[in-house]
Each structure stands twice: as structure tokens, then as C-alpha cells.
Amino acid sequence: MRGSSRKRVKQDNNKLKQIVAKPDQETNNMPLVISEVDESAVPLSSYAPIVSSYNERIRPLLDAVDKLRNLKVMQEGIQLPTIVVVGDQSSGKSSVLESLAGISLPRGQGICTRVPLIMRLHHHSKPESELHLEYCGKVVSTDEINIAEAINMATAEIAGNGKGISHTPLTLVVKKNGVRDLTMVDLPGITRVPVHGQPENIYEQISDIIMEFIKPEESIILNVLSATVDFPTCESIRMSQSVDRTGDRTLAVVTKSDKAPEGLREKVMADDVNIGLGYVCVRNRVGDESYDEARMAESMLFESHPLLSKIDKSMVSVPVLARKLVQIQATIISKCLPDIVRKINSKLNGNVLELNKLPQKLSTVAEALTAFMRILGLSKESLRKLLLRGEFDEYPESKSMHCTARLAEMLNKFSQELKNSSPNNSCENFLLDEIFVLEETKSVALPNFLPRSAFLSLLQHKVNTVSEIPVNFVAEVWNYIETVVVKIMMHHCENYPQVQSSIKRAALNLISKMKDLSKYRVMEIIEMEGIADYTCDPEYMAMWSKLMMSCEAFKKAFDSDSSIANIEGFGEIDIGHLRGYPGVRDEAFDLKMRLTAYWDIVLKRMVDSIVLHLLLLLKKLVNQGVEEEAVDEVLGPQGGGIERLMDESPSVAIKRARLNQSIGLLKESRDVLAKIIDRIALVDD
Ligand code: GDP
Ligand code: MG
């Protein structure tokens, strides 16, 4: 939660406390809290007109929240302001709701409340009450006499006939003259020990339901405590404290005041269990009493009982409880509505955005073809930018997609490796290789002709020692380009799962063809360099002449019996081992200098031609290859034809349906709230 909104909630909670602490005071500062008269001692039937005007003003807001609840807006993760009734088993939850509604609910031993029961109380002016149940998409009318049975039947339908429980709520709508407009949720009572027929994990199941309802900040917890028990030992207190430590949104109702009047006043005054919104002690209907009899008995009890009459009148009786609840409800609704509007709008926008991102459903061949062309066009454009032009605005953060720079790096590394792997100026055993080759290529002929075969043999040997480097280099380049091409093409068809496999296959085929072409070409280049020696580059002659200038120094070293000679391009060289070969060493020297001058040309030519070849292939890949392969794969016989694009993948269809449903729901919710926001403005005026 952001700091400011936490502060706001805190302020709202304080207001809530003030209102509840001083129920008789005018609270005009709150837009939705309307001033009240104290009718706690007045029988239900006689305060109807006052209730009526109050209800008239609060009802639209409550109706709106109830409508949102009916729309199941909570499925979208939007919490609604709710009064949640919790309590240990047999603490009197259902009895409290009965007292508030003036009707009989299933009561008694074992768990009677097995599903969340949303109880909506509406005042209406007709003398006779109207009741109905809403569950599993149907509406079942009933009446006060049959309500208990109807609830039991509905519960059985939702949660089965046994003792099992369910998260699916049952809604009970009570329209009755004089009743307060209140919506509350009754939950199954907390039970530690499973009774006969209950599942072993009944405690976990029930606490899951309770937690689901009391956790949201928007919930008001109505904690029902029996006067006969020690409050700190109540499981319901433990649970409500776990989500509302300060008690800011917890109100306690103490039932069975008649059964345990001793020390009750002290218990509620001491507030050992942190109830922020205060206590109300009540006496519910006992046995077969009528509602009016029960209220009379309660009023008498708190009026005349020697102990109970000492409890402040703002903390006793069902009418006081009803009033407090109405006020809390109004406050919590006014507090939550703006946030709910905001959340609905942002969810709605998010979903619409997501829906628009989904692929359009392609229903004709023309549409499918257009989509296919778009995938191709976008892929080609991206590849052209990344591979050829070095523009990476589509992937500014992803360095691996800055292709031209990465290729240049690979290229530099390659050319360096080539140079290093064939050291031209190796000084060890100077000229011995050359001498050996000259010995072996000698023929029956005049001695002062340098045999060409000796040169070629040395050249071939040198070429062979580096031949793996270019092969590995092009393999590395194509592996890299493969990841780029696959990534780009998959990105452009991410909304069309039905062609993804074909497109990927096309990309892989294309690269595989390119790899073959490159490999063939590189082998050819290596072979060419090995079998012939030619260059038109004058650099060769210039270099050779320069190197041969050391020839004199080389010869002189032998004449002067020195074993070290200083040779251009090689530095100080040990030549002692050459004394045994006086006949061929000058020829060998010349041979070495020719090869040295020529090898530089060979390496440059290899790098240049391989790189130009790669650039050519890249261009072909972008300009023709992608298109040809993709068309072949998708439209060709094994691709399944363009029609394939028209069958939407199940995952997309499901997603689309889910989004459409959610958007519908959110739009409806927004419309419901739009009307209410106008009313809030009216109330404000
Ligand atoms: P729930 O399990 O929390 O819903 O509890 P019930 O409402 O079913 O009540 C359990 C039992 O306590 C029932 O037999 C009620 O009649 C009884 N009961 C509830 N409230 C009072 C009360 O204020 N006074 C007396 N004497 N009995 C009550
Ligand atoms: Mg109950």
C-alpha cells in the first residue's frame, strides 16, 4: 500500500471510530453518513418513517454495491465493502442476523451455516414481508415461515447433503417493513473438532472461507462473542486479530447477555481483545419467542436487570447494533467507492489493451493472407535494419541484437586468430623447413633455379595449419544469425500460434541452407589458396625486396663465423644450426622471404573474400530467403496452406473469451457505479 493511501485509510478508520463511539451525534462531514435519531427504545414497527427516509438515501449506494457483488466483480480481484459476521460455533451468529432481520434462520447444534450466506435486508413500505433466495443463477421465493427450510434446501444444493461446506455463496434477500438496509455475510462457525460426518480438515476449510472474507481492508468484521465464554480464548478473535491487529475494522456483538450477566459490563469495558469499533451486548430470540416478544424481553433485560442495566445504553440492544452497523456500512461504502471506481477503470483499460493485442480472428482467406504478408514484411524489415543497416531501435536494450556490431567483433577476432595461428616470423629452427623441402624437391637439373614445387609445398602446409579457423568462424557467425533470425520471426508471429512452427521451421531451413553455402565457399577459398600462388598486388614484390635486403647480412654472418644474424622482419636470429647446409641455405633464405611476403597477402585475401561472401549471403537472406522459405513452409503442401492461419488456437480462443467476459462485467460494474457517483454528488449537495 502506498504511504498516502495508508494514511487515508487510517483517517477513515478514525472517522469510523468517532461515528460509532458517538452514535447520536450529527456526522454531516461525511458525505454518506446521515444524521440519526436514537430510536433504540422504540419498537421496530413505530420508527418506520424515519428509517424509511434514511434508507431511501443510503439504499442506492448499498444497492450498487450489492449489484457489483451479484456481478461477481470480486472475481476480478476488486474487493467490496462488506460486513462479515464471524464467530465460533454456536456463538449466536445466525441469531444475531435473525434479530437484525426479524426472521427465523436455521439455528442449533452442529454447523447449520455451511456456505457464506449473504443477507440483504431492505426496508419496504408494504406491511407484509417478501423473501427470496438467490443461488446458482436462480431466484427462489419463500416466506418467513419457510425460510429456515428453504435455506437448508439451498445449502444442500450448493454444498451437498452431508456436513461439507462450500465457498459458493447463497444470497437471502429480505424486504420487510421497518428493517434497516444492511448487507451482511454470515459465515460457517469456527469449529476445532470435526463432528461425525465432517471432513477431517473442516477447521482448515472453514478458516479458508473466513480468511477470504475478512482479509480485505474493505471488510468490516462483526465478531460475535458469547457472553458465556472468555473472549481471549475465542478462535474468532484470534482470526480477526490476525488480519486486523489494531481492531480498527472490528465490531463485537456479545450474545447471550441473559445467560451470563455477571461481570459482563467489566468484560466489555476492559476490552482485552482490542475491538476498535466497540461492543454491543444483545439478547437474541430464545426458543419460540416472536420477534417483538424478543425485543421487549431484551429491552426489559437491559432496563431492569441489576447488573445489565448498568451497561451504557449506547452499548446494548439489537436496535443500537442495527444503527451502528448502518452507519459503519455507509462510512465504509463512501470510503471504498472512489477506489473501486478507480480499480474498475484501470482493470477495464488493462483488459481492453490486452484484448487488442490478441490477434484479430482471421475468418477469410484474404484476411489470413494479409496477416501472413504482414508477418513476412515486418520480419524482413526488422532483419534488414538489424543485419544490414545496423539500426537497432527495436531492441535498444538487447546488446545481442545489435548485429552489425557483434558481427564486426567476431570478424576482428577471426582475423586476429588467423594471424596468430601462423606466426610468420617464427625464429626457431630458422630455415630448416625450407631446407628440408628443397632437399626433397631437388631434380636432375641446373642448381640455380628455385623449384616452384618447393614453394607450393610450403604454402600448402601453411594453409592446412590454419584451415579450421575460417570454417569455425563461419559456423559461429551462422549460429549467431540463426538465433537472431528465429527470434525476430517468432516475435512477428507471436500472435499467430497456428503458424509459429512453420515459421520457425522456415527460419531454421533458411539458415541451414546458408550454412551449407558458406561452408562450401570457405572450403573452396582454402583450397584455392593451397593449390596456386598468385597476386597482382605490388605489395608482394615490395615486401620481398625489403626482406631480401637482409640477405647480405645473413651471408656475412657465416663469413664472420658469427652464429647470430640480424634479419629484417625477424630480428636477431640464431643461425648456428645452418652451418651444415652451405649449398642450400641461400636458396632457403630466398624461399622463406617469398613465402613470408606472400602469406600476408593470402591471409588478407582469405578474410576479405570470406567476409564479402558472408555479406552477400546476408543480403540474399533478407531480400529473398526469408520470403521464399516462409512461403514454401506455410503455403507449400506440408504447411497446411493459408487456411491454417484461420483456425485460432484454443489458448487464444480461451483468452479472448475470458477477456471479453471480464470486460463485459467490468463495463456493467462501471455503469452501475456511474449512476451512483451522480447520487453521491446529489447527497453531497
Ligand atoms: P451460530 O452457530 O453462531 O449461528 O449460533 P446460533 O445462532 O445457531 O445460536 C446457537 C444457540 O445459542 C441457539 O440455540 C440460540 O438459540 C442460542 N442463542 C443465541 N443467542 C442467544 C441469546 O442472546 N440468549 C440466549 N439465551 N440464547 C441465545
Ligand atoms: Mg449459524
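Where an unreviewed UniProt entry is consulted, the chain appears under the name Dynamin-type G domain-containing protein, with the organism given as Daucus carota subsp. sativus.

Q: Got a sec to walk through the coordination of the magnesium ion (ligand 2)? Specific residues and values, please.
A: The protein atoms that coordinate the magnesium ion (ligand 2) are S94 (OG) and T113 (OG1), at distances spanning 2.1 to 2.6 Å. Of this pair, S94 sits in helix α3 (residues 93-101) while T113 sits in the loop between α3 and β2 (117-123); the two residues are 19 residues apart in sequence, bridging distant segments of the chain. With a relative accessible area of 11%, S94 lands in the buried category.

Q: Could you give an account of the environment of A475, with specific residues and numbers?
A: On the secondary structure map, A475 appears in helix α14 (residues 468-492). Residue classification places A475 among the partly exposed residues on the basis of a relative accessible area of 37%.

Q: Lay out the packing of aromatic side chains with the relevant residues and their values.
A: All told, the structure shown has 9 aromatic pairs when counted by the stated rule. Each ring, one from F455 and one from Y598, has its centre 6.0 Å from the other, and the planes form 50°; the classification is tilted. Residue F455 is located in helix α13 (residues 452-466), and its partner Y598 is located in helix α18 (residues 585-635); the two are separated by 143 residues in the primary sequence. A residue is classified by how much of its surface remains accessible, and Y598, at 3% relative accessible area, is buried. Seen from the ring of F231, K267 lies directly overhead, with NZ or CZ sitting 4.6 Å from the centre. The side chain of R585 reaches across the aromatic face of F558, ending 3.6 Å from its centre.

Q: Can you tell me about the site of ligand 1, naming the residues and giving the values?
A: Neighbouring residues of ligand 1: 15 residues in total, closest S90, K93, S95, D258 and N284. A distance of 2.8 Å is found between a nitrogen atom of ligand 1 and a side-chain nitrogen or oxygen belonging to D258. A distance of 2.8 Å is found between an oxygen atom of ligand 1 and a backbone nitrogen or oxygen belonging to N284. In the complex, the protein chains occlude 87% of the 570 Å² of accessible area that ligand 1 would expose alone. Residues of the shell around ligand 1, tallied by class, amount to 1 nonpolar, 7 polar and 7 charged.

Conventions adopted
- Residues numbered from 1 in each chain as written.
- Chains lettered and ligands numbered in written order.
- Predicted model: local features only at pLDDT ≥ 70, side-chain atom pairs only at ≥ 80, totals over all residues.
- Heavy atoms only, no water.
- Donors = N, O, S within 2.8 Å, 3.2 Å for Na, K, Ca; no water.
- Helix = DSSP H or I, 4+ residues; strand = E, 2+ residues; numbered from the N terminus.
- Buried < 20%, exposed > 50% of the residue type's maximum accessible area, 1.4 Å probe, protein only.
- Phe/Tyr/Trp six-rings, centres within 6.5 Å; stacked < 30°, edge-to-face > 60°.
- Lys NZ or Arg CZ within 6 Å of the ring centre and 35° of its normal.
- Near = heavy atom within 4 Å.
- Polar contact = N/O pair within 3.5 Å; in protein donor to acceptor, adjacent residues only side chain to side chain.
- Areas by Shrake-Rupley, 256 points an atom, 1.4 Å probe, with all protein chains shown as cover.
- Nonpolar A, V, L, I, M, F, W, Y, C, P; charged D, E, K, R; others polar.

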